[in-house]
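# Per-entry structural report
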Amino acid sequence: MRIKFTGRWNKQSLKKAICEAIEELQFYNIEFLSGVNLYFHGENIHFDND
């Protein structure tokens, strides 16, 4: 299974979307996750890479 979040997200919105995606796994009877990867590029308020 692959879930991809594209575009710019603020921290609160991304946190909510990730939690909702994890909660939805119950509908597929998924109990455990393995091989979980999280990659992101951070930007400050001026959209400068940090």
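Residues numbered from 1 in each chain as written. Predicted model: local features only at pLDDT ≥ 70, side-chain atom pairs only at ≥ 80, totals over all residues. Heavy atoms only, no water.

Okay, a nonpolar patch on the surface next. A cluster of nonpolar residues, Met-1, Ile-3, Phe-5, Trp-9, Ile-22, Phe-27, Tyr-28, Ile-30, Leu-33 and Val-36, forms a patch on the protein surface that exposes about 1,100 Å² of accessible area. Within the element layout of this structure, Phe-5 appears in the segment before α1 (11-24). Overall, the relative accessible area of 34% leaves Phe-5 in the partly exposed class. (Patch = residues over 30% accessible without salt bridge, like charges linked within 9 Å, V, L, I, M, F, W, Y side chains within 5 Å. Areas by Shrake-Rupley, 256 points an atom, 1.4 Å probe, with all protein chains shown as cover. Salt bridge = Lys/Arg side-chain N within 4 Å of Asp/Glu carboxyl O. Helix = DSSP H or I, 4+ residues; strand = E, 2+ residues; numbered from the N terminus. Buried < 20%, exposed > 50% of the residue type's maximum accessible area, 1.4 Å probe, protein only.)

Under the defined criterion, the tally for this structure stands at 2 salt bridges. Where Glu-43 meets Arg-8, a salt bridge forms, and the shortest distance between an N and an O atom there is 2.6 Å. Note that Glu-43 is positioned in the segment after α1 and Arg-8 in the segment before α1, a separation of 35 residues in sequence. Accessibility expressed as a relative area gives 35% for Glu-43, which makes it partly exposed. Exposure remark for Arg-8: the relative accessible area of 58% places this residue in the exposed category. The partner of Glu-20 in a salt bridge is Lys-16, and the shortest N-O contact between them spans 3.6 Å. Placement of the pair is Glu-20 and Lys-16 together in helix α1, with a separation of 4 residues, close to one helical turn. By relative accessible area, which is 40% here, Glu-20 ends up partly exposed. The class of Lys-16 is exposed, set by a relative accessible area of 55%.

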